[in-house]
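# Secondary and tertiary structure notes
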Amino acid sequence: MHIGKSYIFLIILAIPIVVLLYQHEAHSNPIQENEPESVNISEELPENKNTSLRVIVEENNIFSTVAAKAGLDEKQSFKLYEELKPVYDLANIKIGRQFIFNSNQDGELVEIIYNIDNEQELIVSRALISEDWRAVVNQIDYEIREKTIEGQLRGSLYQSALDQGADEKVIIQFAESLEYSIDFANDPREGDKYKFVYEERFRDGQFVMSGRVLAGAYLNNNKLYQSFYYPASSDGYNYYDENGNSVQKMFLRAPLSFKYISSPFTTGSRYVEKFGVATKHRAVDYAAAAGTPIRSIGSGVVISAGWSNAGYGNVTKIKHDSVYSTLYAHQSKIIVKKGERVSQGQIIGYVGSTGFSTGPHLHLEMIKNGVNVDPAKEILPPGKPIDAADKENFNNMIEIMKDKIKI
Ligand SMILES: [Zn+2]
């Protein structure tokens, strides 16, 4: 991208070595969350740059507001905005994101860097000889380091992993890769062990944020579950078990997401009553706060949704194929309609206590060929296998990872 010439403002800028940091509550920006209070970012700049100004986008800021902090007047910033538009529309700048304005020893602005999101940044730079401006959107090149978290359950997996120094995002990623095999409301036992490896992203030696979970193991009641990240398809989930089968199976093991199950989460859930032929409770009950989202454990079509006089209260029934259907009862609110197609994991309603119910909980039934069955005992086919072309690479990769997650 070629952007005009001769900007007067370039030579009138004399930016002191100062860093502006603005506090706000943009949780969406891990970069900002990890910023120290004040940093002299002018250190170790390339030769032609010796001052650097960092401006964090605040609420209601537009580009000209931000640019004004770097000394650009309205006219200058509008002109720059217009010229950059074919490469990046600065109308899209987001609260919490940062601009860096770099100037040379003569105080001339030579570079503007804007971090568009966690993956991309806009770099506007002035060519040294021609003095033309060029803008480009770059993929951010992080230095990746691996971090391993391991522990043993005393309370919840969530709390345990937090105590070991993992952040919420990676704990949920790790748990989600196992949610097709483990019901985190019912299955965990005290003494269960787990271990997972994830990426941490660094720039210029500074931690920026955690990345993806690469591999994980969970030893539940002496049964080992493993998941491995392998980017085999662009639209797939990309987590596989040790046999190279997608961890995604026909059903999720629980109708409540892991993040609503562990006790430190505000809505905390625990299991109340399991499937029992003797007790005539041919369902699984999950205690959860009213309003906790309920997800369909498999994809399918809603075959009924509404009030039931049979004690179910607000109830939804979903048909998954010619064999299986599932039923979700006592909801406070249903958000799907009869005939609607739902995907696996889709939120279909919220936990309540409607019908014959003594307190907020979700009553889940699984019906197989017309008969209620225990979802915990259903043996479902494994997930889709990895492409044959990827198998060898995958096997080589998991040999290394298996060692790293050995419990
Ligand atoms: Zn029940």
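Quick note: structure is the one above.
The text that follows walks through the structure, step by step, so that each part is easy to find. (Residues numbered from 1 in each chain as written. Predicted model: local features only at pLDDT ≥ 70, side-chain atom pairs only at ≥ 80, totals over all residues.)

### A few points about the overall build of the protein
The helix and strand inventory of the protein stands at seven helices and 20 strands. Considering the protein as a whole, with its 407 residues, one finds that 38% of them fall into the buried category. The long-range fraction of contacts in the protein, counting pairs at least 24 apart against all pairs at least 6 apart in sequence, stands at 62%. (Helix = DSSP H or I, 4+ residues; strand = E, 2+ residues; numbered from the N terminus. Buried ≥ 20, exposed ≤ 12 C-beta atoms within 10 Å, placed from the backbone. Contact = placed C-beta atoms within 7 Å.)

### A short note on the sheet that holds strand β2 (residues 98–103)
Read from one edge of the open sheet, five strands run β1-β2-β3-β4-β5, paired in antiparallel fashion. The open sheet has two edge strands, β1 (51–56) and β5 (133–139), and neither has a second partner. Across the sheet, the axes of successive neighbouring strands diverge by a mean angle of 15°, strand direction being ignored. The sheet contact formed by β2 and strand β3 (residues 109–115) spans five bridges and is antiparallel. Paired with S103 across the bridge in β3 is L109. (Pairing = 2+ DSSP bridges. Axes fitted to C-alpha atoms, helices over the stretch in contact; angles between N-to-C directions.)

### Describing the nonpolar core
Side chains of nonpolar character tend, in soluble globular proteins, to be buried together. The biggest cluster of nonpolar side chains holds 55 residues, and the ones touching the most others in it are F184, F196, A215, F228, L256 and L362. Examining the composition of this core, we find that five residues originate from one element, strand β8 (residues 206–220), more than from any other. Summarising the domain contributions, this core has at least three residues from each of domain 2 (142–248 + 384–407) and domain 3 (254–376). When sequence neighbours within four positions are dropped, the list of residues in contact with L362 reads P255, L256, D285, Y286, A288, I294, Y328, H330 and V351. Counting residues in each nonpolar core, the second largest holds 23 residues, with A70, Y88, L90 and L109 among its members. (Core = buried A, V, L, I, M, F, W, Y, C linked by C-beta atoms within 7 Å. Domains from an automatic or database assignment.)

### Some thoughts on the environment of T326
Examined against the element boundaries, T326 turns out to sit in strand β16 (residues 324–334). A C-alpha to C-alpha distance of 8.7 Å links T326 and K368, two positions 42 residues apart in sequence. Ignoring any residue separated from it by four or fewer positions in sequence, one finds T326 in contact with I297, G298, I318, H320, L364, E365 and M366.

### Observations regarding the pairing of β8
Relative to β8, strand β7 (residues 193–203) is paired through ten bridges, and the arrangement is antiparallel. The residue bridging R203 from the neighbouring strand is Q206, located in β8. Turn length for the β7-β8 hairpin, with the two strands adjacent in sequence and antiparallel, is two residues, and the turn residue D204 shows positive phi of about 50°. In this structure, β8 lies alongside strand β9 (residues 223–229), joined through six bridges in antiparallel fashion. Across the sheet, the residue bridging to N220 is K223, located in β9. In this antiparallel pair of consecutive strands, β8 and β9, the connection spans two residues, and N221 shows a positive phi of 55°.

### Section: the sheet that holds β7
A sheet is described by the order of its strands in space; here five strands give the open sequence β6-β7-β8-β9-β10, paired in antiparallel fashion. Each edge of the open sheet carries a strand with a single partner, namely β6 (143–152) and β10 (239–240). Relative to β8, helix α6 (residues 168–176) is tilted by about 30°, and along the sheet it contacts β7 and β8. Here helix α7 (residues 388–404) sits on the sheet in contact with β6, β7, β8, β9 and β10, set at roughly 90° to β8.

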